Amino acid sequence: MSFTPVFTVRAEAQLHVIEIDKMKFGAAPAGIHAGDTIIWKNADLVKHSATARDGSFDIDLPRKSQDSMIVKNTGTVDVYCRYHPGMIMTLVITP
Ligand SMILES: [Cu+2]
């Protein structure tokens, strides 16, 4: 007799790193889920930010710094840099 679980609990929260280098956001990681952690790294010599257009987060990143956040909202989130509005990326976050 086999046992089939009726639901599965997702494995532990994951860690994703997004590096900003040469005035560009690195590639958006695949498979971001609510509850995961994103570490934003700024490898540049100028200040950047990782700012969600929907207002769900706004991380200030002094030069050569990093900061982390726990992903709360799900959906497609457009991200830009407040200091360089041409810097953009999109995160896709699933539950
Ligand atoms: Cu910037």
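Remember, it's a predicted structure, so these values are computed and weren't measured experimentally. (Residues numbered from 1 in each chain as written. Predicted model: local features only at pLDDT ≥ 70, side-chain atom pairs only at ≥ 80, totals over all residues. Heavy atoms only, no water.)

**Quick word on the pairing of strand E4 (residues 37–42)**
Counting buried positions along E4 gives five out of six residues, so the element sits mostly inside the fold. Here six bridges tie strand E1 (residues 15–21) to E4, and the two strands are oriented parallel to one another. Its bridge partner lying in E4, valine 17 is registered against isoleucine 39. Pairing of E4 with strand E7 (residues 65–70) involves six bridges; the strand directions are antiparallel. Bridge pairing links threonine 37 to isoleucine 70 in E7. (Buried < 20%, exposed > 50% of the residue type's maximum accessible area, 1.4 Å probe, protein only. Helix = DSSP H or I, 4+ residues; strand = E, 2+ residues; numbered from the N terminus. Pairing = 2+ DSSP bridges.)

**Brief notes about the environment of proline 85**
Structurally, the position occupied by proline 85 is in the loop between strand E8 (75–80) and strand E9 (88–94). Proline 85 gets classed as exposed once you look at its relative accessible area, which sits at 57%. Placed 36 residues apart in sequence, proline 85 and serine 49 show a C-alpha to C-alpha distance of 9.9 Å.

**Here we look at the coordination of the copper ion**
Bound to the copper ion on the protein side are His48 (ND1), Cys81 (SG) and His84 (ND1), at distances that span 1.9 to 2.2 Å. The sequence pattern describing where the donors of the copper ion fall on their chain is H-x32-C-x2-H. A residue pair is termed long-range when its members are at least 10 positions apart, and histidine 48 in strand E5 (residues 48–52) and cysteine 81 in the loop between E8 and E9 qualify at 33 residues. (Donors = N, O, S within 2.8 Å, 3.2 Å for Na, K, Ca; no water.)

**With respect to the pattern of salt bridges**
One pass over the full model with this rule turns up three salt bridges. The network of salt bridges with common partners includes Asp58, Asp60 and Arg82. (Salt bridge = Lys/Arg side-chain N within 4 Å of Asp/Glu carboxyl O.)

**Quick notes on the sheet that holds E7**
In spatial order, the strands read E2-E1-E4-E7; together these four strands make up an open sheet with mixed pairing. The two strands at the open ends of the sheet, each matched to only one other strand, are strand E2 (24–25) and E7.

**Details of unusual backbone geometry**
Of note in the backbone geometry, lysine 22 takes a positive phi value of approximately 50° without being a glycine. With respect to the secondary-structure elements, lysine 22 resides in the loop between E1 and E2. Here the phi dihedral of methionine 23 falls at roughly 65°; this positive angle occurs in a residue that is not glycine. Note that methionine 23 resides in the loop between E1 and E2.

**Side note on the side chain of serine 49**
Summarising the element assignment, serine 49 is placed in strand E5. A polar contact is formed between the side chain of serine 49 and the side chain of threonine 51, at a distance of 2.7 Å. Within the structure, serine 49 has its side chain in polar contact with the backbone nitrogen of arginine 82 (distance 2.8 Å). In contact with serine 49, other than residues within four places in its own chain, are Phe25, Asp58, Ile59, Asp60, Leu61, Tyr80, Cys81, Arg82 and Tyr83. (Polar contact = N/O pair within 3.5 Å; in protein donor to acceptor, adjacent residues only side chain to side chain. Contact = heavy atoms within 4.5 Å.)

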